[in-house]
Amino acid sequence: MNTGCIADIGAFVYERFSAEVGLARADLEGQVTLADVVHRSPRITNSVDLMECFAKTSNAVRREFGVRVRLPAYPVNTTIETLVHAFIDQVQAQLATERAV
Amino acid sequence: MEQMEVNNVGRKGANREPSVWNNLYASLAGSEATLLDVIWEQHRFHEHRRWDVRELVRSIDMSALTAADRFFIANAGRAELTTKPGADRVTRLADKECRRWLGVDDSLAKIMQACGTWSRYWNEEEAHHETAFNFIAAALAINPPDDMTVIEYRKIFPDDDMLRTLTLLACSEINAAVTYNEYAHRTTEPGLKALLLQVGADEVQHMRYFISFAKALVDSGRYGAKGALAIAHLFVRPGGEIYGATRGQTAERTTHVNWWDNLDTAHGDVSLLMGVKKKLSMTYKMVQQITGIEVASPEDIEDKWMDLVSSEPAVQCQ
């Protein structure tokens, strides 16, 4: 199981999410927002589809790192970068808790 | 006892109270009922619950309305404007889905047609709500919607999967019903209380219909429970749709207006935060009724939804 350094987690999340939404990783970086992804993705028509892509990414993170990431609602002008950081923070926090036990 | 016989042919169930048809798929697929039976029951139910907007509005002492009452009425009137495009969308989508399933699954096509037919009653009943509140708002000059606002709020919702659409509408009715009931128990003006309780009761019946149609879709085996759970999660997750305009930031949409995002935030403690526990518990029950899956918290809904999502194959990375 992946022990979860930041670079690994971030790269993994970007890779999975870009596969789910059908956009290249480069098209998700920088100031790209949730609204941009809904608009540009060939696989998503609305925010429920987008939510499902995040769920699939979260499930993949669970299989890879052994932790379940929960994401609350985010405004549509939230950048993908912010969400990837949210994934990283949750994974690291849970892994740290497990190691401490 | 209601007896309706034409040429000695009695209608099924004519001698009992009209109700929302619960096991629609089983009834239509098992040839226990025809579309005409279902439509007749819809009509009996609608007529059984008819009320007159003019009577209830006349019973309100306008001079006794408080600032909180006026705030609530103005917001309710604007919110109810979006129900017509919601119903128009269901009418169109249901017929499109009926034609799509015809010849593939005729029982499912019949369910879609039953839903589309019922939408005419939903549209009419919501018209009562909209006109009641906006009449009062206009009469008392409490920020009634102007013509451009009416046109803006009539934008028709984009299409989505039918199960997700019906579940979203059930969630919307839960939000509305609880909000109306909560405020009905706060206002001291008896005429307004009566109006709010009537409107809230209508919303509960609408919720029951949406649940009935959504359950029929899942019962058909053609629609998975995942869609219903996704919408429930959308509504009840932290910062979810049930919190509406009370959230720090809401989505700006150009395609349609979600009423819960377009309310004035709060007047004192009068806001969409009223009755949150009740909204959550009704959502859990809705999930169980549509899918048969028991849930007891937002985390539960999220977990079960994500488990269903994980049972589908992941997209391969390039």
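The residue numbering used here restarts from 1 in each chain and proceeds along that chain's sequence as written. Labels follow written order: the first chain is A, the first ligand is 1, and so on. For a predicted model such as this one, the threshold for reporting local features is a pLDDT of at least 70, and the threshold for listing and counting side-chain atom pairs is 80 or more; totals across whole chains, interfaces and linings nevertheless cover every residue. Side-chain metrics in this entry use all non-hydrogen atoms of the structure; hydrogen atoms and water are not considered.

1. Remarks on the overall build of chain B
Okay, step 1: When helices and strands are counted, chain B shows twelve helices and two strands.
Okay, step 2: Numbering of helices and strands runs from the N terminus, with a helix taken as a DSSP run of H or I at least four residues long and a strand as a DSSP run of E at least two residues long. Put simply, chain B runs from its N terminus to its C terminus through helices and strands in the order β-β-α-α-α-α-α-α-α-α-α-α-α-α.
Okay, step 3: Counting across all 318 residues of chain B, residues that qualify as buried make up 54%.
Okay, step 4: Computed by Shrake-Rupley with a 1.4 Å probe, the accessible areas treat only the displayed protein chains as cover when residues are assessed. Carbon and sulfur atoms make up 53% of the accessible area of chain B, which totals about 14,100 Å². Partly exposed residues are those whose accessible area sits between 20% and 50% of the maximum for their type, while under 20% is buried and over 50% is exposed, using a 1.4 Å probe and protein chains only.

2. Side note on the overall build of chain A
Okay, step 1: Counting its regular elements, chain A contains four helices and zero strands.
Okay, step 2: The linear arrangement of helices and strands in chain A, starting from the amino end, is α-α-α-α.
Okay, step 3: Relative to a compact globule of 101 residues, whose C-alpha radius of gyration would be 13 Å, chain A shows 13 Å and is just as compact.
Okay, step 4: In terms of overall dimensions, chain A has a C-alpha envelope of 45 × 25 × 20 Å along the principal axes. The atom set for the radius of gyration is the C-alpha atoms, and the globule formula is 2.2 Å times the number of residues raised to the power 0.38.

3. Looking at the environment of Q31 of chain A
All names here are of chain A.
Okay, step 1: Looking at the secondary structure, you find Q31 in the loop between helix 1 (6-21) and helix 2 (34-40).
Okay, step 2: As a C-alpha pair, Q31 and E20 span eleven residues in sequence and 19 Å in three-dimensional space.
Okay, step 3: Between two residues, a contact is recorded if the distance between any of their heavy atoms is within 4.5 Å. Beyond its immediate chain neighbours, meaning those up to four positions away, Q31 contacts D36 and T79.

4. Re the nonpolar core
Okay, step 1: Grouping buried Ala, Val, Leu, Ile, Met, Phe, Trp, Tyr and Cys residues that are joined through side-chain atoms within 4.5 Å yields what is termed a nonpolar core. The biggest cluster of nonpolar side chains holds 95 residues, and the ones touching the most others in it are M162, L195, L217 and M286 of chain B.
Okay, step 2: The dominant element in this core, judged by the number of residues it contributes, is helix 9 (residues 190-219) of chain B, at 14 residues.
Okay, step 3: What M286 of chain B contacts, discounting residues up to four positions off in sequence, is T167, A170, C171, I174, I211 and A232 of chain B.
Okay, step 4: One finds L23, V37, I80 and F87 of chain A within the second-largest nonpolar core, a separate group that totals 29 residues.

5. Let's talk about the state of the cysteines
Residue and element names in this part refer to chain B.
Okay, step 1: Our working definition of a disulfide is a cysteine sulfur pair at a distance within 2.5 Å. Applying the stated criterion to the full structure yields zero disulfides over all chains.
Okay, step 2: Here C98 is not disulfide-linked; the sulfur of C115 is the nearest cysteine sulfur, at 11 Å.
Okay, step 3: Since its relative accessible area comes to 6%, C98 is described here as buried.

6. Structural notes on the pattern of salt bridges
Okay, step 1: Think of a salt bridge as a Lys or Arg side-chain nitrogen and an Asp or Glu carboxyl oxygen that are within 4 Å of each other. Throughout the structure, instances matching the rule amount to 25 salt bridges over all chains.
Okay, step 2: Close ionic contact of E302 of chain B with R70 of chain A constitutes a salt bridge, the shortest N to O distance being 2.9 Å. Of this pair, E302 of chain B sits in helix 12 (residues 298-310) while R70 of chain A sits in the loop between helix 3 (47-65) and helix 4 (80-100), each in a different chain.
Okay, step 3: With a relative accessible area of 6%, E302 of chain B lands in the buried category.
Okay, step 4: Between D303 of chain B and R70 of chain A there is a salt bridge; the shortest N-O distance is 2.9 Å. Here D303 of chain B is found in helix 12, whereas its partner R70 of chain A is found in the loop between helix 3 and helix 4 on a different chain.
Okay, step 5: Take R70 of chain A: its relative accessible area is 29%, and that puts it in the partly exposed class.
Okay, step 6: A cluster of three or more residues bridged by salt bridges with shared partners is formed by R68 and R70 of chain A together with E302, D303 and D307 of chain B.

7. Observations concerning the confidence of the model for chain B
Residues and elements named next belong to chain B.
Okay, step 1: Here chain B averages 90 in pLDDT, and 89% of its residues register 70 or above.
Okay, step 2: Across chain B, the element-wise mean pLDDT spans from 42 in strand 2 (residues 9-10) up to 98 in helix 9.
Okay, step 3: What pLDDT conveys is the predictor's confidence in a given residue, as a value from 0 to 100. Segment residues 5-10: pLDDT under 50, and three contacts once partners within four positions in sequence are set aside and those in other chains are kept.

8. Some points on the interface of chain A and chain B
Okay, step 1: Taken together, the contact pairs 25 residues of chain A with 26 residues of chain B.
Okay, step 2: The term buried area denotes the loss of accessible surface (1.4 Å probe radius) that occurs when two parts are joined, taken as the sum for both partners. Interface area for chain A against chain B, summed over the two sides, is near 2,200 Å², with a carbon-plus-sulfur share of 53%.
Okay, step 3: In protein, a polar contact means a hydrogen-donor-capable atom and an acceptor-capable atom, both N or O and within 3.5 Å, with residues adjacent in sequence counting only if both atoms are side-chain atoms; elsewhere, any N or O pair within 3.5 Å suffices. The interface formed by chain A and chain B holds nine residue pairs in polar contact (both at pLDDT 80 or more) in total.
Okay, step 4: When contributions to the side of chain A that touches chain B are tallied by element, the ones reaching two or more residues are helix 1 and helix 3 of chain A.

9. A few points about unusual backbone geometry
Residue and element names in this part refer to chain B.
Okay, step 1: You will see that S31, though not glycine, has its phi angle at about 55°, which is positive.
Okay, step 2: Here S31 lies in the loop between helix 1 (24-29) and helix 2 (35-48).
Okay, step 3: Not every positive phi belongs to a glycine, and A141 is a case in point at roughly 50°.
Okay, step 4: Within the fold, A141 resides in the loop between helix 6 (106-139) and helix 7 (147-153).
Okay, step 5: Here A141 falls in the exposed class, since its relative accessible area comes to 61%.

10. What about the confidence of the model for chain A?
Okay, step 1: Looking at chain A as a whole, its pLDDT mean stands at 89, while 95% of the residues score no less than 70.
Okay, step 2: Helix 2 of chain A holds the highest mean pLDDT among the elements of chain A, 93, whereas helix 4 of chain A holds the lowest, 87.

11. What about helix 12 of chain B?
Okay, step 1: To estimate the expected span of a helix, count its residues, drop one, and scale the result by 1.5 Å. The end-to-end C-alpha separation of helix 12 of chain B is 18 Å, in line with the 18 Å expected for 13 residues at 1.5 Å each.
Okay, step 2: Listed as buried for helix 12 of chain B are P298, I301, E302, W305, M306 and V309 of chain B. All buried residues of helix 12 of chain B project into a common sector of 125° when viewed along the axis, lining one side.
Okay, step 3: The inward-facing, buried residues of helix 12 of chain B contact helix 3 of chain A together with helix 10 (225-236) and helix 11 (276-291) of chain B. By construction, the arc corresponds to the directions joining the helix axis to the C-beta atoms.

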